[in-house]
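# An overview of the molecular structure
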Amino acid sequence: MTGTELTSGTEWWRTAVIYQIYPRSFADANGDGMGDLSGISARLPHLKELGIDAIWLSPFYTSPQRDAGYDVADYCNVDPLFGTLDDFEVLQQTAHDLDIRVIVDIVPNHSSSDHGWFQAALASGPGSEERARYTFRDGRGENGELPPNNWESVFGGRAWTRTTNADGTPGQWYLHLFDSSQPDFDWESEWVREQFRAVLRFWLDRGVDGFRVDVAHGMIKAPGLPDYTPPADGGSMGGTPASALEPGISAEAPATPPYWAQEGVHEIYRDWHNVLAEYAGDRVLAAEAWVDPLSEMAKWVRADEMHQAFNFAYLETPWNGPLLRRVIDDSLEAFGNVGAPSTWVLSNHDVVRHASRLALTGDNLQGHGIGPKTADLPDTVIGLRRARAATALMLSLPGSSYLYQGEELGLPEAVDLPDHAREDPTWFRTSGERYGRDGCRVPIPWEAASESFGFSSGGTSWLPQPADWSALARDQQEGVPGSTLELYKLALRLRREHSLASGTVEWLDDSNSEVVEYRNGNVIIVANTGATSIELPAGEVLLVSESLTGRMLHGDATAWLRA
Ligand code: NOJ
């Protein structure tokens, strides 16, 4: 029996390592410089070799690509840029044959403004049934010339755009928490709820193993849509304000914004939970919910709601012993209290890659990115060292871990992208003040000697790849002891052999130390976040993120030992 057969009760997601594929940038089979589904199918054996359990695919649906596919114009079809529904079938079958599960993205907070539903809403006019599916409002001011409230778009600028009536006069405004091409649905509408149940069933019927739910803390807005000004030091998606991460400063929950984390979202997930439960095979819902603190985030994964939530508190924790220990404890407690596994994640397509982020010295808010004019650009040598050590710590923890394509190669953020190549709406909506997320989305290098480093059969790539990525190409690391790729493979193999993902954390250190040390079953994990070398305890060394000198573990390094 293979792991991907549709048996229920395995709860495979509790311990899974889930690898995020960003289809635009993974592999391009048709040679147009943009990744596609056939490219993914062809490269899947490499992921099998890496040792992951599942893939999560960022959106590949019909879309004008104003937000890289998170602007969906047809939820039940594949954009020609990425292939066809048949190509999806092949991808899924190839993955399942390799015992790799397939999770797809679902984007329920907003559609593309190109979606037929939104076009019908525009055409139908105020007060119509079609308009009630989205968030239209009359403007304030004498002639409705002011937006309905003061909300700002996550990508910068105001969160409202005014429409034009059929006769050319200015009309109502519509809400878009993201780009103006991404109108927010009104989830009070039963019609909208019914459409999304049908979308879930469409993909479940095709055999997907689950969904990553975009902006799972959005969807329901506070009645009356009251004005709100977010704290200046908060991440744009509503995550932890930077001040809450400093030692000694309490991580009190900020006042809940009227557009995030409203109680009503939970009813939607209880409904979706029941839809998934109609299907065999332990299908999974994973929440992208930027919500603080962790005890609040845990509400998304109560027994009758979703199964996993991305642990952004962990992602946002600096490389610092006491803070890591605290976030690990808080995560295990918060998720454990509702019977859910903790997840762990260090990188994704919305944040500065951790091989750069962990060496940043200044403040960098989520979504703002880094670029040529950023003061204090990270030292890439320190960044990679810390990234390898941080990953080795993460993959030892009990629960489910998410990896983002390219991190197994140690890719840093691409900093030197020319302005004209940038595509993130954040860049345009802030007139270049925020770089946005293109730097973590550059197509990944497979073969050093090929054009576009083997990413595209046509030798081109939609974002330029840094020339020095040739040294990081997969074929340069394959079989090379100590390479980042081999470190990931070893960690994933040992994690499985020692059942670390279903283990426990037993602290062995002093909670104020720069050295994080704990026992998980018969393995001892030592992560040295400081600068001073330390002597390892007794025991056979199973894994090191940096070579040892005798029994000395240097700073910014992690070791696993047999207890
Ligand atoms: C979160 C996604 O991860 C991000 O890439 C996207 O821009 C926003 N949601 C809007 O859909």
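Reading the values: rules and limits
Residues numbered from 1 in each chain as written. Predicted model: local features only at pLDDT ≥ 70, side-chain atom pairs only at ≥ 80, totals over all residues. Heavy atoms only, no water. Pairing = 2+ DSSP bridges. Helix = DSSP H or I, 4+ residues; strand = E, 2+ residues; numbered from the N terminus. Contact = heavy atoms within 4.5 Å. Axes fitted to C-alpha atoms, helices over the stretch in contact; angles between N-to-C directions. 1 Å grid on protein atoms, 1.4 Å probe; cavity = no way out; pocket = protein on both sides within 12 Å on 5 of 7 lines; lining within 4 Å. Points joined across faces, edges and corners; volume = space filled by probe spheres on them. Nonpolar A, V, L, I, M, F, W, Y, C, P; charged D, E, K, R; others polar. Near = heavy atom within 4 Å. Polar contact = N/O pair within 3.5 Å; in protein donor to acceptor, adjacent residues only side chain to side chain. Areas by Shrake-Rupley, 256 points an atom, 1.4 Å probe, with all protein chains shown as cover. Buried < 20%, exposed > 50% of the residue type's maximum accessible area, 1.4 Å probe, protein only. Right-handed = clockwise from strand over helix to strand, strands pointing away. pLDDT = per-residue confidence, 0-100. Parallel < 35°, antiparallel > 145°, perpendicular 65-115°, else oblique.

## A short note on the sheet that holds strand E18 (residues 541–544)
What the five strands build is an open sheet, ordered E14-E15-E16-E20-E18; its pairing is antiparallel. Strands with a single pairing partner mark the edges of an open sheet, and in this sheet they are strand E14 (506–507) and E18. As judged from the two bridges shared by E14 and strand E15 (residues 515–520), these two strands associate in the antiparallel manner. Bridge pairing in E15 places Glu506 opposite Arg519. Docked against the sheet, helix H8 (residues 321–337) engages E14 and E15, running at close to 35° with respect to E15. Here helix H10 (residues 380–394) sits on the sheet and contacts E15, strand E16 (523–528), E18 and strand E20 (557–562); the angle it forms with E20, its principal contact strand, is near 35°.

## Remarks on empty space enclosed by the protein
Enumeration over the complete set of coordinates arrives at five cavities of 30 Å³ or more. Taken as a whole, the largest cavity encloses approximately 170 Å³ of empty space. The class makeup of the residues in the lining of the largest cavity is six nonpolar, seven polar and seven charged. By volume, the second largest cavity amounts to about 50 Å³. Around the second largest cavity sit Tyr314, Thr317, Pro318, Trp319, Leu324, Leu346, Leu358, Ala390 and Leu393, which together line it.

## Re the site of the ligand
Near the ligand lie 14 residues; those nearest to it are Asp67, Asp214, His349, Asp350 and Arg437. Interatomic distance of 2.7 Å between a side-chain N/O atom of Asp214 and an oxygen atom of the ligand. The contact in question runs from an oxygen atom of the ligand to an N or O atom on the side chain of Asp350, over 2.4 Å. Out of a free accessible area of 290 Å², the ligand has 100% covered by protein chains. Within the shell around the ligand, the residues separate by chemical class into five nonpolar, two polar and seven charged.

## A word on the pairing of strand E2 (residues 54–57)
With burial as the criterion, each face of E2 is covered, one bearing Ala54 and Trp56 and the other bearing Ile55 and Leu57. A crossover links strand E1 (residues 17–21) with its parallel partner E2, the connecting element being helix H1 (residues 37–50), and its sense is right-handed. Bridge count for E2 against strand E5 (residues 101–106) is four bridges, and the pairing is parallel. Its bridge partner being in E5, Ile55 is matched across the sheet by Val102.

## Considerations on the environment of Asp363
Along the chain, Asp363 turns up in the loop between helix H9 (354–357) and H10. Residue classification places Asp363 among the exposed positions, given a relative accessible area of 72%. Between the C-alpha atoms of Asp363 and Arg66, which are 297 residues apart in sequence, the distance is 28 Å.

## Describing the confidence of the model for the protein chain
Confidence in the prediction for the protein chain averages 95 pLDDT; 95% of positions are at 70 or higher. Averaged pLDDT values over the elements of the protein chain bottom out at 96 in helix H6 (residues 294–297) and peak at 99 in E1. This model gives residues 242–253 a pLDDT under 50, and the stretch forms 14 contacts once residues within four places in sequence are excluded.

## Notes on the packing of H10 against helix H13 (residues 484–497)
The interhelical angle for the contact between H10 and H13, taken along N-to-C directions, is 10°, at an axis separation of 10 Å. Taken together, the axis directions place H10 and H13 in an arrangement best described as roughly parallel. Touching Leu384, Arg388, Thr391 and Met394 of H10 are Thr484, Leu487, Tyr488 and Arg495, all from H13. Taken together, the residues that form the contact of H10 with H13 break down as four nonpolar, two polar and two charged.

## Here's the deal with unusual backbone geometry
With omega at -15°, the peptide bond leading from Asp292 into Pro293 counts as cis. Relative to the assigned elements, Pro293 resides in the loop between strand E10 (284–287) and H6. The residue Asp99 is not glycine, and still its phi comes out positive at about 65°. Considering the arrangement of structural elements, one finds Asp99 in the loop between helix H2 (85–97) and E5. Of note, the phi angle at Ser452 is positive, near 50°, even though the residue is not glycine. In this structure, Ser452 sits in the loop between helix H11 (425–429) and helix H12 (474–477).

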